[in-house]
Each structure stands twice: as structure tokens, then as C-alpha cells.
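Geometric and topological summary
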Amino acid sequence: MSAGRTYRVLIVDDEKPIRLLVDRILRQASYETVLAASGPDALAILDTHPPFDLLLTDLRMPEMNGDELARRAWLLMPALKVLYLTGYSDYLFGVRATLWEHEAFLDKPPTMKGVLEAVALSIFGTTHGPH
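Let me sum up the structure you'll find in this document. Quantities reported herein were computed from a predicted structural model and do not represent experimental measurements. (Residues numbered from 1 in each chain as written. Predicted model: local features only at pLDDT ≥ 70, side-chain atom pairs only at ≥ 80, totals over all residues. Heavy atoms only, no water.)

**Let's talk about the overall build of the chain**
- Check the secondary structure of the chain and you find five helices and five strands.
- Reading the chain from its N terminus to its C terminus gives the helix and strand order β-α-β-α-β-α-β-α-β-α.
- Evaluated residue by residue, the chain yields a buried proportion of 47% over its 131 residues.
- The contacts of the chain with a sequence gap of at least 6 include a subset with a gap of at least 24, amounting to 62%.
- For the chain, the accessible surface area stands at approximately 6700 Å², while carbon and sulfur atoms represent 55% of it. (Helix = DSSP H or I, 4+ residues; strand = E, 2+ residues; numbered from the N terminus. Buried < 20%, exposed > 50% of the residue type's maximum accessible area, 1.4 Å probe, protein only. Contact = heavy atoms within 4.5 Å. Areas by Shrake-Rupley, 256 points an atom, 1.4 Å probe, with all protein chains shown as cover.)

Here's what the structure looks like:
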């Protein structure tokens, strides 16, 4: 980690209370966050406001599921790390046996500690955050 660097997280969830909760937790921990309510909105943000260190996305959303969003996001940013926030981890592992490199998941409902540790682990490879 470089001193003074800001780490950017794109938070995507169709449930506004979840988006706002995760946003508040990460901002308090000195992450820069951008919010999107859908996969298409997130792709527009990724295309016009890169780069991001992490895509934190709900897995099951009406317009586009999080795993499809991740596949499309990797076309724009191949090194982007992805953290799925889901109440449907059985769906994720029903589609494929394992997660790909740069992917992780956190069960809903998230706790403050769970979000901070999962985000730090995804970005830095350790549970210690940016500061």
C-alpha cells in the first residue's frame, strides 16, 4: 500500500439500504466509493470513471446479475477484483464449482467487521485496510 493513495470501490446493489450501509462503512474506513443501483448503471460508471480497485456487487439483481456484471467489467478492467455480496451463495456455486481469481463473496446481511475484512482481503490480500 502506498501512503496517501485512495482506494476506489464501486458498490452495486439494487437494495438502497444495503448500498448506503456498505457505503457508510467503507467511507469511514477511508475508501472512496461510488454507488450504482444496477448492473447497467455500474458498467456506465466503470466505462466513464475508471479505475476502481474493487467491484462490490450484489449477486442477484433484476436487470443483470453480479456475475454477469463482473464478466463485463473485466473486459474494461481485466485486473479488477470482485466481491459478491449475496444471500444466494448457493446460486453462485450452483453455476460453477469455484470462484475465479480476483473473486470472493460475503454473505448478506453484512456486518461492519465482515465488510471491512472482506474488502481489505480482496484488495490487499490481508484483513488490514488502507490505513
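Resuming the write-up.
**What to know about the nonpolar core**
- Within the largest apolar cluster, 20 residues are counted, with the highest numbers of intra-cluster contacts made by L10, V12, L46, F52, L55, L69 and L80.
- Residue assignment for this core shows that the elements contributing at least two residues are β1 (8-12), α2 (39-48), α3 (66-76) and β4 (81-86).
- Each residue touching L69, except ones within four places of it in the same chain, is listed here: V12, G39, A42, L43, L55, T57, M61 and M64. (Core = buried A, V, L, I, M, F, W, Y, C linked by side-chain atoms within 4.5 Å.)

**A word on the packing of helix α1 (residues 16-28) against helix α5 (residues 112-124)**
- The interhelical angle for the contact between α1 and α5, taken along N-to-C directions, is 65°, at an axis separation of 10 Å. In this structure, α1 crosses over α5, and the sense of that crossing is right-handed. The residues of α5 that touch α1, namely those facing V22, I25 and L26, are M112, V115, L116 and V119.
- Its residues placed into classes, the contact of α1 with α5 shows seven nonpolar, no polar and no charged. (Axes fitted to C-alpha atoms, helices over the stretch in contact; angles between N-to-C directions. Left-handed = near helix turned anticlockwise from the far one by under 90°. Nonpolar A, V, L, I, M, F, W, Y, C, P; charged D, E, K, R; others polar.)

**Section: α1**
- Here α1 contains 13 residues, and its C-alpha end-to-end distance of 18 Å stays within 8% of the 18 Å for a straight helix at 1.5 Å per residue.
- For α1, every residue scored as buried is listed here: I18, R19, V22, D23, I25 and L26. What you see down the axis of α1 is that its buried residues fit within an arc of 165°, all on one side. The exposed set on the far side of α1, more than 90 degrees from its buried face, consists of K16, P17 and Q28.
- Buried residues belonging to α1 abut β1, β2 (32-36), β3 (54-58), β4 and α5.
- At the exit of α1 stands S30, carrying a positive phi of roughly 75°. (Expected span 1.5 Å × (residues − 1). Arc of directions from axis to C-beta.)

**Remarks on the pattern of salt bridges**
- Within this structure, the stated rule accounts for nine salt bridges.
- Note that K108 is salt-bridged to E15, the shortest N-O span being 3.0 Å. Of this pair, K108 sits in the loop between β5 (103-107) and α5 while E15 sits in the loop between β1 and α1; the two residues are 93 residues apart in sequence, bridging distant segments of the chain.
- If you follow the salt bridges from partner to partner, you end up with D13, E15, D58 and K108 in one network. (Salt bridge = Lys/Arg side-chain N within 4 Å of Asp/Glu carboxyl O.)

**Quick word on the environment of P62**
- Structurally, the position occupied by P62 is in the loop between β3 and α3.
- Relative accessible area serves as the criterion here: at 70%, P62 is assigned to the exposed category.
- Sequence separation between P62 and S38 is 24 residues; the distance between their C-alpha atoms is 7.8 Å.

**Focus on α5**
- A rise of 1.5 Å per residue sets the reference length of α5, with its 13 residues, at 18 Å; its end C-alpha atoms lie 18 Å apart and thus fit the reference within 8%.
- Buried positions along α5 lie against β1, α1, β3, β4 and β5.
- Remark: G125 follows α5 within two positions and exhibits a positive phi of approximately 80°.

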